[in-house]
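One-letter residues, chain by chain:
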Amino acid sequence: MKMSANTADKDNNVSTNKNISLPISRVRLIMKSSPDVSSINQEALFLTTKATELFVQYLAVSSFNNGSGKGSKSLSYSDLASTAEEKDTFHFLTDILPKKILAGDYLKTLEQIEDEEADI
Amino acid sequence: MDGDGSTTDASQLGITGEYMASGHYVLQSQEDDGDESLNDHEEGGIKENFREQDIYLPIANVARIMKNAVPQTGKIAKDAKECVQECVSEFISFITSEASERCHQEKRKTINGEDILFAMSTLGFDMYVEPLKLYLQKFREGEKGMPGVSVGEGLGEELTEDSFTNPLPAGIITADGQQQNVMVYTTAYQQIPSVQQIQFS
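Now for a look at the structure at hand. It should be emphasised that the depicted structure is a prediction, and the values quoted were computed from it without experimental measurement.

**What about the overall build of chain A?**
Point 1. In terms of regular secondary structure, chain A is built from four helices and two strands.
Point 2. Burial analysis of chain A (120 residues in total) assigns 43% to the buried set.
Point 3. About 6,400 Å² of surface is accessible on chain A, with carbon and sulfur atoms providing 50% of the total.

**Observations regarding the overall build of chain B**
Point 1. The helix and strand inventory of chain B stands at six helices and four strands.
Point 2. Written out in order from the N terminus, the α and β elements of chain B read α-α-α-β-α-β-α-α-β-β.
Point 3. Here chain B holds 201 residues, and 37% of them are scored as buried.
Point 4. In the form shown here, chain B has an accessible surface area of approximately 11,800 Å², with 49% of it arising from carbon and sulfur atoms.

**A closer look at the interface of chain B and chain A**
Often, the extent of an interface is quoted as the loss of accessible area upon association of its parts.
Point 1. At the junction of the two partners, chain B supplies 70 residues and chain A supplies 56 residues.
Point 2. Note on chain B versus chain A: buried area summed over both sides is about 5,700 Å², and carbon and sulfur give 71% of it.
Point 3. Considering only the side of chain B, the residues that lose the most area to chain A are Ile65(B), Tyr135(B) and Phe139(B), jointly responsible for 12% of the buried surface there.
Point 4. Our count for the contact surface shared by chain B and chain A stands at one salt bridge.

**Observations concerning a negative patch on the surface**
Point 1. Judged by side-chain charge, Glu111(A), Glu114(A), Asp115(A), Glu116(A), Glu117(A) and Asp119(A) come together as a negatively charged surface patch.
Point 2. Summarising the element assignment, Glu114(A) is placed in helix H4 (residues 103-119).

**Description of the environment of Leu47(A)**
Point 1. Here Leu47(A) lies in helix H2 (residues 42-68).
Point 2. The contacts of Leu47(A), once residues within four sequence positions are left out, are Gly113(B), Ile116(B), Leu117(B), Leu132(B), Tyr135(B) and Leu136(B).

**Here we look at the packing of helix H4 (residues 78-105) of chain B against helix H5 (residues 113-122) of chain B**
Residue and element names in this part refer to chain B.
Point 1. Running from N to C, H4 and H5 point in directions that differ by 115 degrees, and their axes come no closer than 8 Å. Here H4 lies roughly perpendicular to H5, going by the angle between them. Handedness of the H4/H5 crossing: right-handed. Each of Phe91, Ile95, Glu98, Ala99, Arg102 and Cys103 in H4 lies in contact with H5, whose residues at this interface are Glu114, Asp115, Ile116, Phe118, Ala119, Met120 and Thr122.
Point 2. Its residues assigned to classes, the contact of H4 with H5 comprises eight nonpolar, one polar and four charged.

Definitions and cut-offs
Residues numbered from 1 in each chain as written. Chains lettered and ligands numbered in written order. Predicted model: local features only at pLDDT ≥ 70, side-chain atom pairs only at ≥ 80, totals over all residues. Heavy atoms only, no water. Helix = DSSP H or I, 4+ residues; strand = E, 2+ residues; numbered from the N terminus. Buried < 20%, exposed > 50% of the residue type's maximum accessible area, 1.4 Å probe, protein only. Areas by Shrake-Rupley, 256 points an atom, 1.4 Å probe, with all protein chains shown as cover. Contact = heavy atoms within 4.5 Å. Buried area = accessible area lost by both parts, 1.4 Å probe. Salt bridge = Lys/Arg side-chain N within 4 Å of Asp/Glu carboxyl O. Patch = residues over 30% accessible without salt bridge, like charges linked within 9 Å, V, L, I, M, F, W, Y side chains within 5 Å. Lys, Arg positive; Asp, Glu negative; His and termini not counted. Charge placed at Lys NZ, Arg CZ, Asp CG, Glu CD. Axes fitted to C-alpha atoms, helices over the stretch in contact; angles between N-to-C directions. Parallel < 35°, antiparallel > 145°, perpendicular 65-115°, else oblique. Left-handed = near helix turned anticlockwise from the far one by under 90°. Nonpolar A, V, L, I, M, F, W, Y, C, P; charged D, E, K, R; others polar.

Have a look at this one:
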């Protein structure tokens, strides 16, 4: 498992330990899966990788602060979902971070909708 | 599901095992396409048989960054880690498509550092721009004097102020016989005689 950019990475010959803890080749793969992307230069790749690291930190801290406000010291999925809704910067995540509801509540909502439709 | 459209068999999905972060993500996407099988040709721009959101960074790396970010005593739920993993891929795609658009607008084919920084500030991550610039500077400094390193296509386009910050001291003997030291400003990297010249490929 790649722990840093220092380890042999067949995609680049550069050995630099500028505190990256994410596998660059994997980042590159994700970037290339975007439509219409032909090639990515080395700098762009490094910047994206570093930005991703900052993003993870930011997301973790924002969500954790949400959670600790309620007295718990742990980060849960719902903290993330709340953060995505509340912070503008994270709005792009709302599609993949839907708030979870209990199955029971969902079924009740469905029943209500059915009742309303039956009345029409 | 009765299993006709669902599979976690890597060979059927056309991806190698190492890209599957965990079985249930792939299963989820298969359920969506169950009836269409792997008929992704209609969706423009999909190059392989798996969708972009199926590729993730390793959860161990992601979890480690999260752990280092939150206070020592904090715990992180497992589904939160998995979720951040997905968010990360989303983030990368988000930035990349914005950068790619700008690139195309300027009729270039290669996404460079500038495009990424521009995308960051456009998308509301402008607080990252300054730290990233510093990081980029360090990266560039790390590149100098390294033999045989291919630095990337984009650098040749960027004739910014930074290109002129490495003057070469040169001794010149002037017409009246006095030697002067003159600084020679070049746009190429410093050429050290003992080191092979860096090739821009």
